[in-house]
Amino acid sequence: MSAWVLPDHIADVLPSEARHIEELRRGLLDAARCYGYELVMPPLMEHLESLLTGTGETLDLQTFKLVDQLSGRSMGLRADTTPQVARIDAHLLNRQGVTRLCYCGPVLHTRPDRPHATREPLQFGAEIYGHAGLEADLEALQLARECLRVAGVRDTTIDLADVRIVRRLLSGMDLGPSLLSGLHAALAAKDSGELARLTRDFPADSRQGLLALPQLYGDESVLIEAQKVLERIPGVPEVLANLQWLASRLDGDGAAITFDLADLRGYAYYSGARFAIYAQGASDALVRGGRYDEVGAVFGRNRPAAGFSLDIKQLVALVPPRALKAAIRAPWGEAADVHAAISELRCAGETVVCVLPGHESEVDEFHCDRELRRIAGQWVVQTV
């Protein structure tokens, strides 16, 4: 095999796409800063137990593992940044009250998490710690939507769910891992026949509720129907009211709002409301987030937490690139006056591309609409 061939689902990012990615990264970080989120930069590699504690089997299978040559301990290359940010909040900052943190950096996956995806996403995310109320959930949603707006994504659909509905329906039952996994799979596939088989010995109210969930997806009328079907399940009416509250605060923003009460993606990770944001042209959700109050418990500080993450590389493939900033072409020269003229232009924020001798006719990545010329003993910028 040729030395220049990269592994499957790993790719170089070439200049035009890299520029687009970097512009998006800056825009998203600026948006998070405007909401009061502070940037943190966790390491790409950590002790394996720190990366995987409390995160579940899925993240374990997605994590590349290696041995630290200094200590002999098992290390991991992060597949998700949220556990690291929870560690920072719990041990390094250890603040009282609300803490808002954001991050942006590469993660590595052993397998692509969706068709045609890279195994090296550039993950951007924001987390808010220390507030258990719905206001934190709403802020995470609002910032996520602002990030998509900054990226130029339009015509979005917000899908809402809450993992506590299924947990309430299963409350008090001693279910083995195999049965629980089968229930999750049947709900995800909306397989009513399999659900009926698996729940035949369940209490009547729980069985009725579980069998109803595959049909409880769609617009806001879903919540009305769910209130009727699930009203006898302790805690569920309050969960549905919370979803209604979130949806009502998003009205008027131009996004469609849907509900899928059987959606259990991230069941082991989330502790309450969860959301996904979709857009036309995307085969999968662009943003996933919600509430995950237990994420910091393994670090000794179980704080309320809500947030979201997205892959900037996925965004870049969906939105058109921004117009390239026009540049100035300048001749190569060693004279002090031409160096001074070029330096002055660059200090003013201009992109100045010096044409090396013999390469005057070559095409450059930058669009040069002006040229630095010497006229009457002065260096002057003129339109090409």
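Conventions and cut-offs
- Residues numbered from 1 in each chain as written.
- Predicted model: local features only at pLDDT ≥ 70, side-chain atom pairs only at ≥ 80, totals over all residues.
- Heavy atoms only, no water.
- Pairing = 2+ DSSP bridges.
- Helix = DSSP H or I, 4+ residues; strand = E, 2+ residues; numbered from the N terminus.
- Buried < 20%, exposed > 50% of the residue type's maximum accessible area, 1.4 Å probe, protein only.
- Phe/Tyr/Trp six-rings, centres within 6.5 Å; stacked < 30°, edge-to-face > 60°.
- Core = buried A, V, L, I, M, F, W, Y, C linked by side-chain atoms within 4.5 Å.
- Contact = heavy atoms within 4.5 Å.
- Salt bridge = Lys/Arg side-chain N within 4 Å of Asp/Glu carboxyl O.
- Expected span 1.5 Å × (residues − 1).
- Polar contact = N/O pair within 3.5 Å; in protein donor to acceptor, adjacent residues only side chain to side chain.

## Topic: the sheet that holds strand E1 (residues 38-39)
(1) Moving on: Reading across from one edge, E1-E5-E6-E12-E11-E10-E7-E9-E8 is the order of the 9 strands in this open sheet, with mixed pairing throughout. Taken across any chain shown, the strands that pair with only one partner, and hence form the sheet edges, are E1 and strand E8 (217-218).

## Some remarks on the pairing of strand E4 (residues 74-77)
(1) Moving on: One ladder, built from 3 bridges, connects strand E2 (residues 45-47) with E4; its direction is antiparallel. Across the sheet, Glu46 pairs through a bridge with Gly76, a residue of E4.
(2) Moving on: Examined bridge by bridge, strand E3 (residues 64-67) and E4 share 4 bridges and lie antiparallel to one another. Directly across from Val67, in E4, lies its bridge partner Ser74.
(3) Moving on: Where E3 folds back onto E4 in an antiparallel hairpin, the turn is made up of 6 residues, including Gly72, whose phi is positive at roughly 80°.

## Some words on the pairing of strand E6 (residues 122-129)
Within a regular strand, the side chains alternate between the two sheet faces.
(1) Moving on: When you tally the buried positions in E6, you get 8 out of 8 residues, the bulk of the element.
(2) Moving on: In E6, alternate side chains face the same way, and those of Leu122, Phe124, Ala126 and Ile128 on one face and Gln123, Gly125, Glu127 and Tyr129 on the other are all buried.
(3) Moving on: Here 8 bridges tie strand E5 (residues 99-106) to E6, and the two strands are oriented antiparallel to one another. Residue Cys104 lies in a different strand from E6, and its bridge partner there is Phe124.

## Examining the packing of aromatic side chains
(1) Moving on: Within this structure, the stated rule accounts for 2 aromatic pairs.
(2) Moving on: Ring geometry for Phe124 and Phe308: centres 6.2 Å apart, planes at 50°, overall tilted. One end of the pair, Phe124, is in strand E6; the other, Phe308, is in strand E12 (residues 305-311), with 184 residues separating them in the sequence.
(3) Moving on: On the basis of relative accessible area, Phe124 is assigned to the buried category, the value being 0%.
(4) Moving on: Phe308 sits in the buried class, given a relative accessible area of 3%.

## Structural notes on unusual backbone geometry
(1) Moving on: Here Lys190, not a glycine, exhibits a phi torsion of approximately 55°, which is positive.
(2) Moving on: If you trace the backbone, Lys190 turns up in the loop between helix H7 (177-189) and helix H8 (192-198).

## Observations regarding the nonpolar core
(1) Moving on: Core analysis: the largest hydrophobic core is formed by 72 residues, its most contacted members being Phe124, Leu213, Leu261, Phe308 and Ile312.
(2) Moving on: Residues within four places of Phe124 in sequence aside, it is in contact with Leu28, Leu29, Ala32, Tyr103, Cys104, Cys147, Phe308, Ser309, Leu310 and Ile312.
(3) Moving on: One finds Val85, Leu101, Val295 and Phe299 within the second-largest nonpolar core, a separate group that totals 14 residues.

## Digging into the pattern of salt bridges
(1) Moving on: Counting across every chain of the model gives 27 salt bridges.
(2) Moving on: Between Arg100 and Glu139 there is a salt bridge, and its shortest N-O distance comes to 2.7 Å. Here Arg100 is found in strand E5, whereas its partner Glu139 is found in helix H5 (residues 134-151), with 39 residues between them in sequence.
(3) Moving on: For Glu139, a relative accessible area of 14% translates into the label buried.
(4) Moving on: Notably, a salt bridge pairs Asp369 with Arg370, separated by 2.9 Å at the nearest N-O pair.
(5) Moving on: Of the residues examined, Arg370 reaches a relative accessible area of 18% and is grouped as buried.
(6) Moving on: Through salt bridges with shared partners, a single network forms among Glu22, Arg25 and Arg26.

## Comments concerning helix H1 (residues 15-34)
(1) Moving on: Taking 1.5 Å per residue, 20 residues should reach 28 Å; H1 reaches 29 Å between its end C-alpha atoms and fits that length.
(2) Moving on: Inspection of H1 places His20, Ile21, Leu24, Gly27, Leu28, Leu29, Ala31 and Ala32 among the buried residues, and these make up the whole buried set.
(3) Moving on: The secondary structure elements touched by the buried residues of H1 are E1, E5, E6, H5, E12 and helix H12 (312-316).
(4) Moving on: Just downstream of H1, Gly36 is the residue with a positive phi angle, here 95°.

## Topic: the side chain of Glu139
(1) Moving on: Side chain to side chain, Glu139 and Tyr37 meet in a polar contact 2.7 Å long.
(2) Moving on: Setting aside residues up to four positions removed in sequence, Glu139 forms contacts with Tyr35, Tyr37, Arg100 and Ile128.

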